[in-house]
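Observations on the model geometry
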Amino acid sequence: MRIVVCVKYVPDAAGGRRFADELTVDRDDVDGLLSELDEYAVEQALQIAEDADDAEVTVLTVGPEDAKDALRKALSMGADKAVHVEDEDLHGTDVMGTSLVLAKAVEHVGYDLVICGMASTDGEMGVLPALLSERLGVAQVTLLSEVSVEDGTVKGRRDGDTASEQLEASLPAVVSVTDQSGEARYPSFKGIMAAKKKPVESLDLDDLDIEADAVGLEGAWTKVDEAAERPARTAGTIVKDEDEGGKQLAEFLAGQKFV
């Protein structure tokens, strides 16, 4: 069974994220890492592979040179090989263009099952798995908190606010898993060293037969028209309790329309 896991290299949420020129996310002046939500997808892929007789896990990402760091993390967790799509014309690509590139890359690699995280921690749109399944022309089973594969069928549980659903689809299929699907394993020293010898295939738009105007800023279906930096945090209001602290607090809450 061929399992492909789509992962993303994202800016560290703890860093000072901001827009660069052309109102695209500045990825040069902030540290990046494998999206935490994608680690759950890698974990579920590895668990499925461990239960299968013959399975191979490939991690796939689209991004700049530094995106290889995300692939190395996934390889050190236990994935077998990696594919990196990098091209200067990808700068500014939105989710529609990304789904096109990923679909072409998945077809290039070959697959039975594609696993994604529930969303990226930078864009947080959560629609990529559905777009990918549409482009591939296969079934989607999304937002699973439990997933398994048996006899050519992927099965899983989707938990809602008031009920849980049991879902299944015949392979090939695209699934996404939530952060409730199980903690991702921590890479061991042996895994980190082994990852250095695992193959990483590099592809560009020509390899995938994609025209430059179908991706990047020119091909984007969405764009940011305007952005402003978040205002600096101001000093809060201090209420000294000198027998009228309660009254002052009530007046403040009423003035802010909290009560």
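Described in the following lines is the structure provided in the data block.

What follows concerns the side chain of serine 133. Within the secondary structure, serine 133 sits in helix 4 (residues 128–136). When its relative accessible area of 3% is taken as the criterion, serine 133 is described as buried. Look past the residues within four positions of serine 133 in its chain and what remains in contact with it is Val138, Ala139, Gln140 and Val174.

Between the first and last C-alpha of helix 1 (residues 36–51) there are 24 Å, a value that for 16 residues agrees with the 22 Å anticipated at 1.5 Å per step. All of the buried residues along helix 1 are Leu37, Asp38, Glu39, Tyr40, Ala41, Val42, Glu43, Gln44, Ala45, Leu46, Ile48 and Ala49.

Moving on to the pairing of strand 11 (residues 173–177). Each regular strand carries side chains that alternate between the two faces of the sheet. By the criterion of burial, strand 11 is predominantly enclosed, with five of the five residues buried. Here strand 11 shows a buried face lined by Ala173, Val175 and Val177 and a second buried face lined by Val174 and Ser176. Looking at chain direction, strand 6 (residues 113–117) and strand 11 are connected through five bridges and run parallel. Among the inter-strand pairings, cysteine 116 is bridged to a residue of strand 11, identified as serine 176. Judged from the four bridges that link them, strand 7 (residues 139–144) and strand 11 form a sheet pairing that is parallel. Pairing of leucine 144 across the sheet is with valine 177, part of strand 11.

Here the structure, examined in full by the defined rule, presents zero disulfides. Free of any disulfide, cysteine 6 has its nearest neighbouring cysteine sulfur in cysteine 116, separated by 4.2 Å.

Now for the layout of surface pockets. The calculated volume of the second largest pocket comes to roughly 170 Å³. Per-element tally for the lining of the second largest pocket: the top contributor is helix 2 (residues 68–77), with five residues.

Turning to the packing of helix 1 against helix 2, a few remarks are in order. Direction vectors running N to C along helix 1 and helix 2 enclose 35°, while the axes themselves pass 10 Å from each other. Remark: the crossing between helix 1 and helix 2 carries right-handed chirality. For the pair formed by helix 1 and helix 2, the contact residues are Glu39, Val42, Glu43 and Leu46 on the first element and Lys73, Ala74 and Met77 on the second. Looking at the contact of helix 1 with helix 2 residue by residue, the class counts come to four nonpolar, no polar and three charged.

Here we take up the pattern of salt bridges. Counted under the stated rule, the structure contains eleven salt bridges. Here arginine 2 makes a salt bridge to aspartate 112, at a shortest N to O gap of 3.4 Å. Separated by 110 residues along the polypeptide, arginine 2 in strand 1 (residues 2–6) and aspartate 112 in the loop between helix 3 (95–109) and strand 6 bring together distant segments of the chain. Overall, aspartate 112 belongs to the partly exposed group, its relative accessible area being 24%.

It is worth spelling out the nonpolar core at this point. As a rule of thumb, nonpolar side chains are buried together in soluble globular proteins. By size, the foremost hydrophobic cluster in this structure holds 35 residues, and its most contacted members are Ile3, Val5, Val42, Val57, Val59 and Ile115. Of all the secondary structure elements, the ones that give two or more residues to this core are strand 1, helix 1, strand 4 (56–62), helix 2, strand 6, strand 7 and strand 11. The biggest single contributor to this core is helix 1, with eight residues. If sequence neighbours within four positions are ignored, valine 5 has contacts with Ala41, Val42, Ala45, Val57, Thr58, Val59, Leu60 and Ile115. Membership of the second largest hydrophobic core comes to 27 residues, among which are Val85, Met96, Ala103 and Ala105.

Rules used throughout
- Residues numbered from 1 in each chain as written.
- Predicted model: local features only at pLDDT ≥ 70, side-chain atom pairs only at ≥ 80, totals over all residues.
- Heavy atoms only, no water.
- Helix = DSSP H or I, 4+ residues; strand = E, 2+ residues; numbered from the N terminus.
- Buried < 20%, exposed > 50% of the residue type's maximum accessible area, 1.4 Å probe, protein only.
- Contact = heavy atoms within 4.5 Å.
- Expected span 1.5 Å × (residues − 1).
- Pairing = 2+ DSSP bridges.
- Disulfide = S-S within 2.5 Å.
- 1 Å grid on protein atoms, 1.4 Å probe; cavity = no way out; pocket = protein on both sides within 12 Å on 5 of 7 lines; lining within 4 Å.
- Points joined across faces, edges and corners; volume = space filled by probe spheres on them.
- Axes fitted to C-alpha atoms, helices over the stretch in contact; angles between N-to-C directions.
- Left-handed = near helix turned anticlockwise from the far one by under 90°.
- Nonpolar A, V, L, I, M, F, W, Y, C, P; charged D, E, K, R; others polar.
- Salt bridge = Lys/Arg side-chain N within 4 Å of Asp/Glu carboxyl O.
- Core = buried A, V, L, I, M, F, W, Y, C linked by side-chain atoms within 4.5 Å.

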